[in-house]
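A structural walkthrough
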Amino acid sequence: MYCATKFAVNGFSETLSAEVAPFGIKVTIVQPGYFRTNFLSAGSLAVPQNQIADYQNVRDTVNFHQNDMDKQQAGDPEKAAEAMISITNEANPPLNLFLGEDAYGLVEKKLAFVQNELATWKDLTLSTAIQQ
């Protein structure tokens, strides 16, 4: 649910950016990796009491975040704040601001995945044109 919501907000923000650009308004989507905040702590991250066995992989992910990742995040929240403030002075700020080495690495993996799919399915993709 969390990731789906982030994905929706990112899509909304990309569209908003295109719509407000003619008015000189800039939009930046801040996409941070893991930062050492209390976001993963038990007081912030709640889990359902009645868990469904089929969702063990989800519970494993939550357990990892609450028990292994919490207080181990590599990102410094003060440096993230400084980075976000610094782009407000840019004439052409990025649409996507990825913060943290982990975020950077995930984006590289995603781009490689999309490029591979694009190349793999190129013939099928281009086969949908109307024949003249």
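Rules of the game
Residues numbered from 1 in each chain as written. Predicted model: local features only at pLDDT ≥ 70, side-chain atom pairs only at ≥ 80, totals over all residues. Heavy atoms only, no water. Helix = DSSP H or I, 4+ residues; strand = E, 2+ residues; numbered from the N terminus. Buried < 20%, exposed > 50% of the residue type's maximum accessible area, 1.4 Å probe, protein only. Contact = heavy atoms within 4.5 Å. Patch = residues over 30% accessible without salt bridge, like charges linked within 9 Å, V, L, I, M, F, W, Y side chains within 5 Å. Areas by Shrake-Rupley, 256 points an atom, 1.4 Å probe, with all protein chains shown as cover. Salt bridge = Lys/Arg side-chain N within 4 Å of Asp/Glu carboxyl O. Core = buried A, V, L, I, M, F, W, Y, C linked by side-chain atoms within 4.5 Å. Expected span 1.5 Å × (residues − 1). Arc of directions from axis to C-beta.

Further remarks concern the overall build of the chain. A tally of helices and strands in the chain yields five helices and two strands. Burial analysis of the chain (132 residues in total) assigns 16% to the buried set. Across the chain, the fraction of contacts at a sequence separation of at least 24, relative to all contacts at a separation of at least 6, is 67%.

Before going further, it helps to examine a nonpolar patch on the surface. A surface patch of nonpolar side chains, amounting to about 300 Å² of accessible area, comprises Ile 52, Tyr 55 and Val 58. Relative to the elements of secondary structure, Tyr 55 occurs in the loop between β1 (29-32) and α2 (56-69).

Listed in full, the five residues of the largest apolar core are Phe 35, Ala 80, Ile 87, Leu 97 and Leu 99. Mapped onto this core, the elements with two or more residues apiece are α3 (77-87) and β2 (96-99). Not counting the four nearest positions on each side in its chain, Leu 99 is found in contact with Val 30, Gln 31, Pro 32, Gly 33, Phe 35, Ala 80, Ala 83 and Met 84.

Along the chain, the position of Ser 17 falls in helix α1 (residues 2-20). What Ser 17 contacts, discounting residues up to four positions off in sequence, is Val 27 and Leu 95.

Tracing the backbone through its elements, the reader meets Asn 10 in helix α1. With residues up to four places along the chain from it excluded, the contact list for Asn 10 reads Ile 29 and Gln 31.

A word on the environment of Val 30. Of note, Val 30 is situated in strand β1. Overall, the relative accessible area of 33% leaves Val 30 in the partly exposed class. Separated by 20 residues in the primary sequence, Val 30 and Asn 10 have C-alpha atoms spaced 9.1 Å apart. In this structure, Val 30 is in contact with Met 84, Leu 97 and Leu 99, ignoring residues within four places of it in sequence.

Residues separated by three or four positions in an α-helix point in the same direction, a consequence of the helix having 3.6 residues per turn. Spanning 19 residues, α1 covers 27 Å between terminal C-alpha atoms, matching the ideal 27 Å at 1.5 Å per step. Residues Asn 10, Ser 13, Ser 17 and Val 20 constitute the buried set of α1. Considered in projection along α1, the buried side chains sweep an arc of 110 degrees and stay on one side of the axis. Across α1 from its buried face, at more than 90 degrees, point the exposed residues Phe 7, Phe 12, Ala 18 and Glu 19. In this structure, the buried side of α1 is in contact with β1.

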